[in-house]
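Analysis of the macromolecular model
One letter stands for each residue in the lines below.
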Amino acid sequence: MTNILFDALFDPLREKSTPLLILQDGRIISGQAFYGMITQAAGALREMGVNPGDRVAVQVDKSPTALAIYGAVVAIGAVFLPLNPAYQAEEMDYFIGNSTPRVLICDPAKNGMLAPVADAHGAVLQTLAADGSGSFAQRMSGHSGGLTVVPRQGDDLAAILYTSGTTGRSKGAMLSHDNLLSNAQTLEQLWRFTDADVLLHALPVFHTHGLFVASNVALLAGAQMIYLPGFDAAQVVGLLPQATVMMGVPTFYTRLLALPNFDRALVAHMRLFVSGSAPLLAETHHAFEARTGQKILERYGMTETNMNTSNPYDGERRAGTVGFPLPGVALQVMQDGQAVGPGEVGVIEVRGPNVFQGYWQMPEKTREELRADGWFITGDLGMRDADGYVHIVGRAKDLIITGGYNVYPKEVEMLLDDVPGVLESAVIGLPHPDFGEAVFAVMVAQKGATLEPAAILDSLRPRLARFKQPKGLVVLDALPRNAMGKVQKAELRKTFARQFDT
Ligand code: AMP
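Residues numbered from 1 in each chain as written. Predicted model: local features only at pLDDT ≥ 70, side-chain atom pairs only at ≥ 80, totals over all residues. Heavy atoms only, no water.

**Description of the packing of helix α2 (residues 31-47) against helix α3 (residues 64-75)**
α3 packs onto α2 with a crossing angle of 65° between their chain directions and a minimal axis gap of 8 Å. Of the two possible hands of crossing, α2 and α3 adopt the one that is right-handed. When α2 is examined against α3, the residues Phe34, Met37, Ile38, Ala41, Ala42 and Leu45 are found in contact with a partner set consisting of Pro64, Thr65, Leu67, Ala68, Ile69, Gly71, Ala72 and Val73. In the contact of α2 with α3, the residues fall into twelve nonpolar, two polar and no charged. (Axes fitted to C-alpha atoms, helices over the stretch in contact; angles between N-to-C directions. Helix = DSSP H or I, 4+ residues; strand = E, 2+ residues; numbered from the N terminus. Left-handed = near helix turned anticlockwise from the far one by under 90°. Contact = heavy atoms within 4.5 Å. Nonpolar A, V, L, I, M, F, W, Y, C, P; charged D, E, K, R; others polar.)

**Considering the site of the ligand**
If you check the shell around the ligand, you find 17 residues, and the closest are Glu298, Arg299, Thr303, Asp380 and Lys486. A distance of 2.6 Å separates an oxygen atom of the ligand from a polar side-chain atom of Asp380. Within the side chain of Arg395, a nitrogen or oxygen atom sits 3.1 Å from an oxygen atom of the ligand. Burial of the ligand by the protein chains amounts to 92% of its free accessible area of 500 Å². Mapped by element, the contributors of at least two residues to the shell around the ligand are β13 (297-302) and β20 (390-395). The element that contributes the greatest number of residues to the shell around the ligand is β13, accounting for five residues. Its residues assigned to classes, the shell around the ligand shows six nonpolar, six polar and five charged. (Near = heavy atom within 4 Å. Polar contact = N/O pair within 3.5 Å; in protein donor to acceptor, adjacent residues only side chain to side chain. Areas by Shrake-Rupley, 256 points an atom, 1.4 Å probe, with all protein chains shown as cover.)

**Thoughts on the pairing of strand β4 (residues 79-82)**
With burial as the criterion, each face of β4 is covered, one bearing Val79 and Leu81 and the other bearing Phe80 and Pro82. In the sheet, strand β3 (residues 55-59) pairs with β4 via four bridges, with the strands oriented parallel. Of the residues in β4, the one forming a bridge with Val58 is Pro82. Crossover handedness for the path β3 to α3 to β4: right-handed. (Buried < 20%, exposed > 50% of the residue type's maximum accessible area, 1.4 Å probe, protein only. Pairing = 2+ DSSP bridges. Right-handed = clockwise from strand over helix to strand, strands pointing away.)

**Considering helix α7 (residues 177-190)**
Here α7 contains 14 residues, and its C-alpha end-to-end distance of 20 Å stays within 8% of the 20 Å for a straight helix at 1.5 Å per residue. Contact partners of the buried residues in α7: α1 (4-9), α3, β7 (157-162), β8 (172-176), α8 (208-221) and β14 (306-310). Directly beyond the C-terminal end of α7, a positive phi value near 55° is found at Arg192. (Expected span 1.5 Å × (residues − 1).)

**Thoughts on the pattern of salt bridges**
Under the definition given, this model contains 21 salt bridges. Salt-bridge contacts for Asp314 lead to Arg192; the nearest nitrogen and oxygen are separated by 2.8 Å. Highlighted residues: Asp314 in the loop between β14 and β15 (324-325) and Arg192 in the loop between α7 and β9 (198-201), separated in sequence by 122 residues. Take Arg192: its relative accessible area is 41%, and that puts it in the partly exposed class. Put simply, Arg318 and Glu316 hold a salt bridge, and the shortest N to O gap is 3.1 Å. Through salt bridges with shared partners, a single network forms among Glu316, Arg318, Asp385 and Asp387. (Salt bridge = Lys/Arg side-chain N within 4 Å of Asp/Glu carboxyl O.)

Written as structure tokens, this is what we have:
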């Protein structure tokens, strides 16, 4: 009997004496040593009564042990449930109450905050620090024997990842062994990963990007990872000469471009830079190419589906687009229940082996977003251009309806971003007594630049239909973003909610 995800990702490490993880202090963890950590973590979890199908929740800082726990949970047929370390007591109470894990592993500093939460929902609380200490690490050290891998089939759950909940309560996306493995296999091939690769891994491992796209693909290919606790541009510049591939969110790339010593010679040996999780501005794509001679490959995915589209490895990587549907993934753009053709904006739907099994304990939400015939309604607005490249226009819920007219925020943001001195912008709809919603713009100035809201609004007049023109504009020091670099429009809507009150 087999455990399909474990066999593909982790079993090959058993005999591997070559490096798997290269840490920031220069320490190296070989494949074999990592397999040993998995064995210990699996033994500790079993001892605590974790059975196949049980959830294991993990709210810890990124560390090699955190990744080994993922391998251990998969090995024992349980369900891995990573949570953002930024979540506070009330949020954790919701996640733990909703998912009822057998075990919750947290940072020692959170022990006091989470003890009542674990108690209330019947979870055993354990601790693990980024340096590898804590009660769970102690338990692990008592288990050095062999690893008994529990058989698992394609449909069995491997993980639950909560959505970032930018438009409501977070939902637990149930991901099967097949969902994860099929996507990793597709990306490994498409992006030509091999065991000669060294992936610079500076993403968090509680999110689909760092955990599944980056780690699963590297593990499947037998590649090495330069495994960093977080993204520090200066440190990354120092380490890039050892890497062959980097995956990042757009902010990684803008921060690298801000460093004068990030140049063509530094990355001449790199074979691939991948970006995703938030839109990469065409301007960043072009600036990166001008500086390095390399074109960032942008792809699009989400918690519920892993990856859906990618720009080509060979062939044109088109700035401002997320490329083509992955092999085996079908994509359609829908308007009023009908699929529309090139150039028309609508809601993106996807279907394929990557699409999740539904939302944990939320059958109604599942029915609303996942059709019985397998199409998942992503909630993203997009269109395909005449050559088939997919463009993401924004979230359907961010669409502004003002006086009965639809405004796609991205169209206005693109014009604002072109204004000299503007670093970035976010356009939102705010309650308005007359129009229902009014277009409102938030902008951030480039370093040293001063923005004049009235002059900017004037400059938009000849370029946009009147109903699309912002009825207000403010300049902020920075846009609110989450850990993956996504602009938190819900937060902006809350902050400026009363802007047009009469
Ligand atoms: P998450 O579930 O946290 O991974 O967020 C998924 C959402 O991020 C998608 O539904 C998109 O709205 C957005 N997203 C991911 N990749 C891209 C991209 N390359 N361009 C634009 N938006 C993206």
